[in-house]
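# Architecture and fold: a report
This is what each chain is made of:
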Amino acid sequence: MNIAFFLIPKAETAFLYDDYTVRQALEKMHHHGYSAIPVLNREGEYVGTLSEGDLLWFIVKGEGGEPHTKAIELLEKDYIRDIDLNKEYSSNPAVNIMASIDELLMRAMNQNFIPIVDDRGMYIGIVTRRSVIKYFYDNTMDKKLLE
């Protein structure tokens, strides 16, 4: 099965650009109630996923790990691209649109959503954990076991 069946298109997802300020990221995540959100560069390529933990550690430790305690207004000069989105604890790698359903399942076990990119690395949308679980429930569960 093609994973495009599960895709929520880019136009229907919330995301950040890596040149947004930290304050803009906080406001957008708060507005949508998200604990993690995809980050793109201005060319539309998937850069990584920004989580609440990434923001908190950046605010506490700052760029380069030096302690800093800025007021929220001072975060206007900091950009998402200054946050390392590829750290082991915050990694949410993208999957190519041609990936298998098995790969989606493996990623969904550890991620709330899976960013999807095309062959050029351009972000095209997400697949949610919920849609993957629903597919497997609808197609592989022996419903008699549940009765």
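This write-up is about the structure you can find in this document. All of these numbers come straight from a predicted model, not from anything done at the bench.

Criteria and thresholds
- Residues numbered from 1 in each chain as written.
- Predicted model: local features only at pLDDT ≥ 70, side-chain atom pairs only at ≥ 80, totals over all residues.
- Heavy atoms only, no water.
- Helix = DSSP H or I, 4+ residues; strand = E, 2+ residues; numbered from the N terminus.
- Buried < 20%, exposed > 50% of the residue type's maximum accessible area, 1.4 Å probe, protein only.
- Contact = heavy atoms within 4.5 Å.
- Areas by Shrake-Rupley, 256 points an atom, 1.4 Å probe, with all protein chains shown as cover.
- Pairing = 2+ DSSP bridges.
- Right-handed = clockwise from strand over helix to strand, strands pointing away.
- Axes fitted to C-alpha atoms, helices over the stretch in contact; angles between N-to-C directions.
- Left-handed = near helix turned anticlockwise from the far one by under 90°.
- Arc of directions from axis to C-beta.
- Parallel < 35°, antiparallel > 145°, perpendicular 65-115°, else oblique.
- Nonpolar A, V, L, I, M, F, W, Y, C, P; charged D, E, K, R; others polar.

## Thoughts on the overall build of the chain
For the chain, the count of helices and strands is 5 helices and 7 strands. Residues counted as buried form 39% of the 147 residues belonging to the chain. Across the chain, every contact between residues at least 6 apart in sequence was considered, and the portion connecting residues at least 24 apart equals 53%. Surface summary for the chain: the accessible area is close to 9000 Å², and the carbon and sulfur share equals 53%.

## Overview of the pairing of strand S6 (residues 113-117)
Burial analysis of S6 places 5 of its 5 residues in the buried class, which makes it a mostly covered element. Every second residue of S6 is oriented toward a common face, with Phe-113, Pro-115 and Val-117 on one face and Ile-114 and Ile-116 on the other, all of them buried. Bridge count between strand S5 (residues 95-96) and S6: 2 bridges; the pairing is parallel. The partner of Val-95 across the bridge, within S6, is Ile-116. A crossover connection joins S5 to the parallel S6 through helix H3 (residues 101-108); in handedness this β-α-β unit is right-handed. By the bridge criterion, 5 bridges tie S6 to strand S7 (residues 123-128) in an arrangement that is antiparallel.

## Describing the packing of helix H1 (residues 22-32) against helix H2 (residues 52-61)
Their axes nearest at 11 Å, the elements H1 and H2 cross at an angle of 145°. Crossing of H1 against H2: the hand is left-handed. Between H1 and H2, the contacting residues are Val-22, Ala-25, Leu-26 and Met-29 on the first element and Glu-52, Leu-55, Phe-58 and Ile-59 on the second.

## Comments concerning H3
Residues of H3 that are buried include every one of Ile-101, Leu-104 and Ala-108, and no others. Axial view of H3: buried residues confined to an arc of 55°, hence all on one face. Of the residues in H3, the exposed ones pointing more than 90 degrees away from the buried face are Asp-102 and Met-106. The inward-facing, buried residues of H3 abut S6, S7 and helix H4 (129-140).

## Here's the deal with the pairing of strand S4 (residues 46-51)
Successive side chains on a regular strand alternate, one facing one side of the sheet and the next facing the other. Here S4 lies mainly inside the structure; 5 of its 6 residues are buried. Note: strand S3 (residues 36-40) against S4, 5 bridges, orientation antiparallel. If you follow Ala-36 over to S4, its bridge partner there is Ser-51. In textbook terms, the turn of a hairpin is the stretch between consecutive antiparallel strands, and for S3 and S4 this stretch comprises 5 residues, one of which, Gly-44, has a positive phi near 95°.

## Some points on the sheet that holds S4
One open sheet accounts for 3 strands, arranged S2-S3-S4; its pairing is mixed. The open sheet has two free edges, formed respectively by strand S2 (16-17) and S4, since each of these has just one partner strand.

## Thoughts on the packing of H3 against H4
Relative to each other, H3 and H4 sit at 125°, their axes nearing to 10 Å. Relative to H4, the element H3 is oriented oblique. In terms of crossing hand, the pair formed by H3 and H4 is left-handed. Residues Ile-101, Leu-104, Leu-105 and Ala-108 of H3 touch H4, and the partners they reach there are Arg-129, Val-132, Tyr-135 and Phe-136. Class assignment of the residues belonging to the contact of H3 with H4 gives a composition of 7 nonpolar, no polar and 1 charged.

Scope: geometric values only; no functional claims are made or implied.
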